[in-house]
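# A closer look at the structure
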Amino acid sequence: MFKYHYFETLDSTNDTAKSFPPFSVIHAGRQTKGRGRMGRVWDSFDGNLFMSLVVPQPAVPSDYSFITSLSVALTLAPLSPRIKWPNDVLINGKKISGILLETAPEQSDKLIIGIGINITACPEQTLYPTTCLKECGVDTNAKVILDKVLQNFEDVLISYQKSGFKEIRRKWLEFATGIGQPIHVQLPNKELTGIFNGLDEKGALLLKTTEKEYPIMAGDVFMI
Ligand code: BTN
């Protein structure tokens, strides 16, 4: 379904992906200006996986955050991964993969899905503890993992097209971490503390505080 393009070095696979048509996958052996969510830097160590998928702009772009994190979790299934809302994949409570959804302002007909997976090196990120496949005892390489992510993404996409978001949400929840537990949610302008009360039907995180239940569409979650 996807056409594969490999580059030795790119600033960011997400930037290059913006000039490719839907159903392209961009893979870089080395990334010099990797970006993360919320304007953060994504430390891109050689040997790790840096890839971006281009898909036609969907009606509900946030559904792809769940489709993609589910595909990564399925790829890492033998290591009992968990997904931390909205789309971080964790192994043993440490982040191994991050996902960045972007739309080029002048090309709103496409959605770019950037996926980073730590294969041989664990970036030292201050926000969350991190791990990599090597640290988990898995000896592999970026291309092997890319092929598996792509296969899972295609399968999950078919299930989404057939059965809708409800089915994705159900499968995603099987990997979710922190439900029913106390969390902090860092929003752009404030921090809220409460119980992670599951997802609403659109995928918003439901945070039950002492006052009310907030549906949260974007933010950083910290387990307490
Ligand atoms: C995050 O968790 O903050 C998201 C990280 C996304 C990193 C990937 S690596 C491939 C693609 N290119 C980028 O510049 N970022 C994404």
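Summary of the structure given here. Note that the coordinates shown come from a computational prediction; the quantities given were computed from them, not determined experimentally.

### Focus: the pairing of strand β11 (residues 213-216)
Side-chain alternation along β11 places Y214 and I216 on a buried face and E213 and P215 on a face that remains uncovered. Note: strand β10 (residues 205-208) against β11, 4 bridges, orientation antiparallel. Paired with K208 across the bridge in β11 is E213. Counting the residues that bridge the hairpin from β10 to β11 gives 4 residues.

### Points about the site of the ligand
For the ligand, the set of nearby residues contains 19 residues, the closest of which are S12, Q31, R35, R37 and K95. Within the side chain of Q31, an N or O atom sits 3.0 Å from a nitrogen atom of the ligand. If you list the elements that add at least two residues to the shell around the ligand, you get α1 (13-17), β3 (49-56), β6 (94-104) and β7 (107-117). In terms of residue count, β6 provides more of the shell around the ligand than any other element does, 4 residues in total. Partitioning the shell around the ligand into residue classes produces 6 nonpolar, 9 polar and 4 charged.

### A word on the packing of aromatic side chains
Tallied over the entire structure, the rule returns 7 aromatic pairs. Where F66 meets F165, the ring centres are 5.4 Å apart and the plane angle is 75°; that geometry is what we call edge-to-face. Here the residue F66 occupies a position in helix α2 (residues 63-75), and F165 occupies one in helix α4 (residues 165-175), the gap between them amounting to 99 residues. For the residue pair F66 and F165, the accessibility class agrees, reading buried in each case. Seen in terms of ring centroids, F66 and W172 are 5.1 Å apart; in terms of plane orientation they differ by 70°. Their pairing is edge-to-face.

Reading the values: rules and limits
Residues numbered from 1 in each chain as written. Predicted model: local features only at pLDDT ≥ 70, side-chain atom pairs only at ≥ 80, totals over all residues. Heavy atoms only, no water. Buried < 20%, exposed > 50% of the residue type's maximum accessible area, 1.4 Å probe, protein only. Helix = DSSP H or I, 4+ residues; strand = E, 2+ residues; numbered from the N terminus. Pairing = 2+ DSSP bridges. Near = heavy atom within 4 Å. Polar contact = N/O pair within 3.5 Å; in protein donor to acceptor, adjacent residues only side chain to side chain. Nonpolar A, V, L, I, M, F, W, Y, C, P; charged D, E, K, R; others polar. Phe/Tyr/Trp six-rings, centres within 6.5 Å; stacked < 30°, edge-to-face > 60°.

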